[in-house]
Amino acid sequence: MKRINDKSPDSSRSRAEVSPHRLQIYITSECFSCQESVLIAAEISQRFPQLITEVINLDDPSATKPDQVFAVPTYLLDGKILSLGNPYREEMFAKISAALSEKGAEMP
């Protein structure tokens, strides 16, 4: 698992202390489009600094695959499928923004 963002830009507190919201992106090494997922994760991390963003490579022996992950890439927001496959960036940003707003997360 690779955590894309761990510290808030203006604080030494970890993001887990600031926001309980977590985006997990499941990939594999053999997946053709998963490299794009890593780039999308970096963009999401920059746009939503309050969101914990993780890329989990299922080829890693320590990685655990949730039951709802049956294809890669899969994007889970707080354990719920947000996207199967790479989304259009603006659609993903809108979905994340809406989901965080519904959950009362503070937006940048």
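Conventions adopted
- In this numbering scheme, every chain counts its residues from 1 along its sequence in written order.
- It should be noted that, the model being predicted, local features are given only for residues of pLDDT at least 70 and side-chain atom pairs only at 80 or more, the latter also being counted only at that level, while totals for whole chains, interfaces and linings use all residues.
- As a convention, hydrogens and water are excluded, and side-chain values are obtained from all of the structure's heavy atoms.
- Whenever a pair of cysteine sulfur atoms sits within 2.5 Å, that pair is classed as a disulfide.
- Relative accessibility decides the category of a residue: with a 1.4 Å probe and only protein chains considered, values under 20% of the type maximum give buried, values over 50% give exposed, and everything between is partly exposed.
- Pairing of aromatic rings covers Phe, Tyr and Trp, the last through its six-membered ring, and needs centres within 6.5 Å; plane angles under 30 degrees mean stacked, over 60 mean edge-to-face, and all others mean tilted.
- Strands here mean DSSP runs of E at least two residues long; helices mean DSSP runs of H or I at least four residues long; both are numbered from the N terminus.
- For a helix, the expected span equals 1.5 Å multiplied by the number of residues minus one.
- Comment: arc refers to directions from the helix axis out to C-beta atoms.
- Pairs of residues are marked as contacts when any of their non-hydrogen atoms sit within 4.5 Å.
- Paired strands, as defined in this entry, are two strands with at least two bridges between them according to DSSP.
- By convention a crossover is right-handed if, when the strands point away from the viewer, the path from the first strand over the helix to the second runs clockwise.

Caption draft 1: View of the state of the cysteines. Following the criterion strictly, the structure yields 1 disulfide and no others. One disulfide in the model links cysteine 31 with cysteine 34; its S-S distance is 2.3 Å. Judged by the sign of its S-S torsion, about 85°, the bond between cysteine 31 and cysteine 34 is right-handed. Taken individually, cysteine 31 and cysteine 34 each receive the classification buried, so the pair is uniform in this respect.

Caption draft 2: Spatial organisation of the packing of aromatic side chains. A full pass over the atoms with the stated rule returns 1 aromatic pair. Plain terms: the ring middles of phenylalanine 48 and phenylalanine 93 are 6.3 Å apart, the flat faces sit at 55° to each other, and that makes the pair tilted. Of the two residues, phenylalanine 48 sits in the loop between helix H2 (34-47) and strand S3 (52-57) while phenylalanine 93 sits in helix H3 (residues 89-102), which places them 45 residues apart along the sequence. The exposure class assigned to phenylalanine 48 is buried, which follows from its relative accessible area of 4%. Accessibility expressed as a relative area gives 6% for phenylalanine 93, which makes it buried.

Caption draft 3: Spatial organisation of H2. Compared with an ideal rise of 1.5 Å per residue, which puts 14 residues at 20 Å, H2 spans 20 Å between its outermost C-alpha atoms and is within 8% of the ideal. All of the buried residues along H2 are Cys34, Ser37, Ile40, Ala41, Ile44 and Ser45. Buried residues in H2, looked at end-on, bunch into an arc of 140°, giving them a common side. Opposite its buried face, H2 presents the exposed residues Gln35 and Gln46, each directed more than 90 degrees away. Contact partners of the buried residues in H2: strand S2 (22-27), S3, strand S4 (74-77) and H3.

Caption draft 4: View of the pairing of S3. Burial of S3 is extensive: 5 of the 6 residues sit out of reach of the surface. As defined by bridge partners, S2 adjoins S3 across 6 bridges and the pair is classed as parallel. Bridge pairing in S3 links isoleucine 27 to asparagine 57. With H2 bridging S2 and the parallel S3, this β-α-β connection has right-handed handedness.

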